[in-house]
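# What the coordinates show
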Amino acid sequence: MAGKGGKKGISGSINEPSVLVRPVKGFGGLDGIHVALIVLALVLIALLLIVSYYKPVVMPQQNATQNASTPGNTTRYTASQIKKIADGMVAGYLQTNSSLSLLPFYTDTSMTNASYIPQLKDWYVSIPSYSAAGNGTFYVSALISDANGSLVTPFIQLARPYPTGDMVVSRGVVALSGKPTCLVRSPLQAYWFMDPYAPGAVQSLENITALKKEYGNGINISIKTVYGSSYQRIADQVGALDAQYLGKYVMCASLQSGFGNFSSALNSIYGGDYISQNTLESISGTAGLNVTALDACVNSASSTVNAQALFASYYNITSVPAVVVDCKYLAIPQTANNAVCYANSTMCQGAS
């Protein structure tokens, strides 16, 4: 008698082990072994595809001139031309109407690196930038097409600059497109645009004192009051007329020789909120200003302030405080001295 699962032969009974094959659901009746073999084959095919299409990471060429001279790698632009294009692109962030508008003032375009990548036919540009607090350095980079000098990948991934024709010409200094230098070159003219309640505006008055101390009669700094969103915040609390007094007193005090004392006293008590006219009058008297002349200036300042708003529009001032030197070079208070040196190098030999 044959055993279970066995066959009966001529010479007797032979037991043969039986293999129970069960279909694997969802695989068309294939058993587990066949499915495993198919998966293994697919994995091997995938590995072959990865190896065949894999290309090493392309690193930017460090010597753009040498690379461009290599046969087959002739470029349309030179590294110096690409750097100049990049300077204009960085300046384009001025019109972003956001915190990115400060980027041109914290980049050092004199240290721009431009490297050609033949595999992409693009230029890799890297520019060192400095944090607003001055405690660190980071780099902004972009890809610029060698075919037409256009921006392939922006410096800031989520924001592209606006082409304005402006140009970063020195650290923290932007040459405004289409704006001629002042007709009056001596003393050097500097327009100090500020919303008095904007962050850093009152503190920037100390920069004015420092510039006047350094250059004396060689520079004429005039404060231009601009009523922006920070002013509106205070105006909503106390009314427009009362909110305007701070700007008027600052502007009129700057016309007197005791302005340095006034700005120091104001900084010592200013906390970013509303300051009453009585307090401003008290500060003016303590600073040794001519109060009679100051009051006359404050009382007639409204028409002057309205005209200054149009003046700010002419220079496309989007954030304050901002400084325009020699009617052409835009800076922030922290880099105003750089703009002075760029506009008139004889005033500060050796400055950047």
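Because the structure is a prediction, the values reported are computed rather than measured. Positions within a chain are numbered from 1, following the residues in the order the chain's sequence is written. In keeping with the model being predicted, local features are shown solely for residues with a pLDDT of at least 70 and side-chain atom pairs are shown and tallied solely at 80 or more, while totals for entire chains, interfaces and linings include all residues. Heavy atoms throughout the structure, all of them, feed into the side-chain values; hydrogens and water do not.

### Thoughts on the packing of helix α7 (residues 259-269) against helix α8 (residues 277-286)
Rules: To get an axis, fit a line to the C-alpha atoms, keeping to the stretch in contact for a helix; angles then go from 0 to 180 degrees between the N-to-C directions. Secondary structure follows DSSP: runs of H or I at least 4 residues long count as helices, runs of E at least 2 residues long count as strands, and numbering of each begins at the N terminus. With respect to orientation, any angle under 35 degrees is reported as roughly parallel, any angle over 145 as roughly antiparallel, any angle of 65 to 115 as roughly perpendicular, and every other angle as oblique. Left-handed is the label given to a crossing in which the near helix is rotated counterclockwise from the far helix by less than a right angle, and right-handed is the label when the rotation is clockwise. Contact criterion: two residues are considered in contact whenever any of their non-hydrogen atoms come within 4.5 Å of each other. When residue character is reported, Ala, Val, Leu, Ile, Met, Phe, Trp, Tyr, Cys and Pro are called nonpolar, Asp, Glu, Lys and Arg charged, and the others, Gly included, polar.
It is the contact of α7 with α8, at a shortest axis distance of 9 Å, that shows an interaxial angle of 135°. When the axis of α7 is compared with that of α8, the two are oblique. Here the hand of the crossing between α7 and α8 comes out right-handed. Along its contact with α7, which presents Phe262, Ala265, Leu266 and Ile269, the element α8 presents Thr279, Leu280, Ile283 and Ser284. By residue class, the composition of the contact of α7 with α8 is six nonpolar, two polar and no charged.

### As for the nonpolar core
Using the following cut-off: Within this scheme, the nonpolar core is defined by two criteria: the residues are buried Ala, Val, Leu, Ile, Met, Phe, Trp, Tyr or Cys, and they are joined through side-chain atoms within 4.5 Å. Exposed residues in this analysis have more than 50% of their type's maximum accessible area, buried residues have under 20%, and partly exposed residues fall in between, with area computed by a 1.4 Å probe over protein chains only.
One finds Trp192, Leu205, Ile223, Val250, Phe262, Leu266 and Val325 to be the most contacted residues of the largest nonpolar core, which totals 48 residues. At seven residues, the largest contribution of residues to this core is made by helix α6 (residues 240-253). Residues in contact with tryptophan 192, not counting those within four places in the same chain, are Ser204, Asn207, Ile208, Leu211, Ile221, Ser222, Ile223, Lys224, Ala322, Val323, Pro333 and Ala336. Counting residues in hydrophobic clusters, the runner-up holds 38 residues, among them Ala79, Leu103, Ile317 and Val324.

### Describing the sheet that holds strand β9 (residues 188-194)
Heads up, the rule is: Two strands form a pair only when DSSP identifies at least two bridges running between them.
Pairing in this open sheet of six strands is mixed, and the strands run β7-β8-β12-β11-β9-β10 from one edge to the other. The open sheet has two free edges, formed respectively by β7 (167-170) and β10 (219-225), since each of these has just one partner strand. The sheet shows a mean angle of 30° between the axes of neighbouring strands, direction not considered. Pairing of β7 with strand β8 (residues 173-175), which is carried by three bridges, proceeds in the antiparallel orientation. Bridge pairing in β8 places valine 168 opposite valine 174.

### A few points about the state of the cysteines
Selection criterion: Only a pair of cysteine sulfur atoms within 2.5 Å qualifies as a disulfide here.
A complete count under the given rule lists three disulfides for this structure. A sulfur-sulfur separation of 1.7 Å characterises the disulfide bridge that pairs cysteine 182 with cysteine 327. Around the S-S axis, the bridge from cysteine 182 to cysteine 327 shows a dihedral of about 95° and counts as right-handed. Note that cysteine 182 is positioned in the loop between β8 and β9 and cysteine 327 in the loop between β11 (322-325) and β12 (329-331), a separation of 145 residues in sequence. Owing to a relative accessible area of 7%, cysteine 182 belongs among the buried residues under this scheme. For cysteine 327, a relative accessible area of 10% translates into the label buried. The disulfide partner of cysteine 252 is cysteine 297, and the gap between their sulfur atoms is 2.1 Å. Disulfide cysteine 252-cysteine 297: torsion about the S-S bond near -80°, hence left-handed.

### Things to note about the pattern of salt bridges
Put simply, the rule is: What counts as a salt bridge is simple: a side-chain nitrogen of Lys or Arg found within 4 Å of a carboxyl oxygen of Asp or Glu.
Under the criterion given, the structure shown has one salt bridge. For the salt bridge of arginine 185 with aspartate 326, the shortest nitrogen-to-oxygen distance reads 2.8 Å. Residue arginine 185 is found in the loop between β8 and β9, and its partner aspartate 326 is found in the loop between β11 and β12; the two are separated by 141 residues along the sequence. Assessed through its relative accessible area of 0%, aspartate 326 is described here as buried.

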